[in-house]
Every structure is written in structure tokens, then in C-alpha cells.
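# Residue-level structure breakdown
So the chains spell out like this:
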Amino acid sequence: MTDVFLLKQKIKSGKTERCKELIAELMNRVDSDMSDILETEGVYTESVFIEQGSDDDYLVWYFEAEDVTRVGEMWEEPAETGIEGEIEDGKSVLAEVLENPEEWGEDDFELLQHLINPNR
């Protein structure tokens, strides 16, 4: 069974454009290794969005993975995964632009339905 989860974090005031720039830079650096990174994490799908609220902007991350716990453990303890450099780069980006990069609030979302086309 595939795990699906959504993470959301408030972007520091005035840092939305910087967040977009840093995410783009990070993706450009790891683009050639992306399939290896996703494979190591056990992630099938990862999408990143900016939610523009009336007062604040939020970074929203959607994941579809083999095991959400495994992804979280790798993020917390990236040593000896083979992708520890990429995880540390990601943490650095998030620390610069997010208000509370360690508190994702993933319990704020209740999954009601997740359908997967068997022919994808």
C-alpha cells in the first residue's frame, strides 16, 4: 500500500520569492540525481507548491511514498543513505525561508481519498 501525505509550513514574511529561487536552484543541482534520490527515499511522487493566503504564504509538499515513516527517518537521520548531502542542502534552504522548518504540521490534513490509475 502506498502512503500519501501532505506537509505545510509557513514561509517567512517577504521570503516567498527567495523560497522559489532556492527551490529552483536546489532542483537544478540535483536534477541529474533525482531518480536516485527518489529511489533511495522510496518516494514515487513529490510535488511542491506555494499556497498564497490572504496574509501569509505557505510551502506545501505532497508525497506519495512506499513508507512515510522511512522518508521521515531519512530526513531526520540522513547519514549513510547516500543522499545525505542533498538532504542537508534541502534543510539549509528550508531554514532560510521557513518560519519553523522543524515543525511541518503533517497531522493537519486528513486524507479522504487517494486514487491511482493502474495504467499510469
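To be clear, the structure that these remarks concern was listed above.
Residues numbered from 1 in each chain as written. Predicted model: local features only at pLDDT ≥ 70, side-chain atom pairs only at ≥ 80, totals over all residues. Heavy atoms only, no water.

So, on to the overall build of the chain. The helix and strand inventory of the chain stands at four helices and three strands. Secondary structure elements in the chain, listed N-terminal to C-terminal, are β-α-α-β-β-α-α. Over its C-alpha trace the chain gives a radius of gyration of 15 Å, about what one expects of a compact globule, namely 14 Å for 120 residues. With the C-alpha coordinates of the chain rotated into their principal frame, the extents come out at 40 × 35 × 25 Å. The buried share among the 120 residues of the chain stands at 30%. Within the chain, contacts between residues separated by at least 24 positions form 68% of all contacts whose residues are at least 6 apart in sequence. (Helix = DSSP H or I, 4+ residues; strand = E, 2+ residues; numbered from the N terminus. Rg over C-alpha atoms; globule rule 2.2 N^0.38 Å. Buried < 20%, exposed > 50% of the residue type's maximum accessible area, 1.4 Å probe, protein only. Contact = heavy atoms within 4.5 Å.)

Here we take up the nonpolar core. Among the nonpolar cores identified, the biggest contains 19 residues, and Phe-5, Cys-19, Val-43, Leu-59, Trp-61, Phe-63 and Leu-98 are the most heavily contacted of them. At the level of secondary structure, the elements contributing two or more residues to this core comprise strand 1 (3-10), helix 1 (16-30), helix 2 (34-41), strand 3 (57-65) and helix 4 (84-97). Among all residues touching Cys-19, those that are not within four sequence positions of it are Ile-11, Ile-50, Leu-59 and Val-97. (Core = buried A, V, L, I, M, F, W, Y, C linked by side-chain atoms within 4.5 Å.)

Spatial strand order, 1-3-2: three strands in an open sheet with antiparallel pairing. At either end of the open sheet lies a strand with only one pairing partner, and these are strand 1 and strand 2 (43-52). Sheet twist, expressed as the mean angle between neighbouring strand axes with direction ignored, is 15 degrees. (Pairing = 2+ DSSP bridges. Axes fitted to C-alpha atoms, helices over the stretch in contact; angles between N-to-C directions.)

Running from amino to carboxyl end, helix 3 (residues 68-76) crosses helix 4 at an angle of 80 degrees, the nearest separation of the two axes being 9 Å. Judged on the interaxial angle alone, helix 4 and helix 3 are roughly perpendicular. In contact with Met-74, Trp-75 and Glu-76 of helix 3, helix 4 contributes Ile-87, Gly-90, Lys-91 and Leu-94. By residue class, the composition of the contact of helix 3 with helix 4 is four nonpolar, one polar and two charged. (Parallel < 35°, antiparallel > 145°, perpendicular 65-115°, else oblique. Nonpolar A, V, L, I, M, F, W, Y, C, P; charged D, E, K, R; others polar.)

Here the focus is the packing of helix 2 against helix 3. Where helix 2 meets helix 3, the axes come as close as 9 Å, and the angle between the chain directions of the two elements is 115 degrees. Judged by the inter-axis angle, helix 2 sits roughly perpendicular to helix 3. Together, Glu-39, Thr-40 and Glu-41 of helix 2 and Arg-70, Val-71 and Met-74 of helix 3 make up the contact between the two elements. Residue composition of the contact of helix 2 with helix 3, by class: two nonpolar, one polar and three charged.

Distances and angles like these do not, on their own, reveal function.
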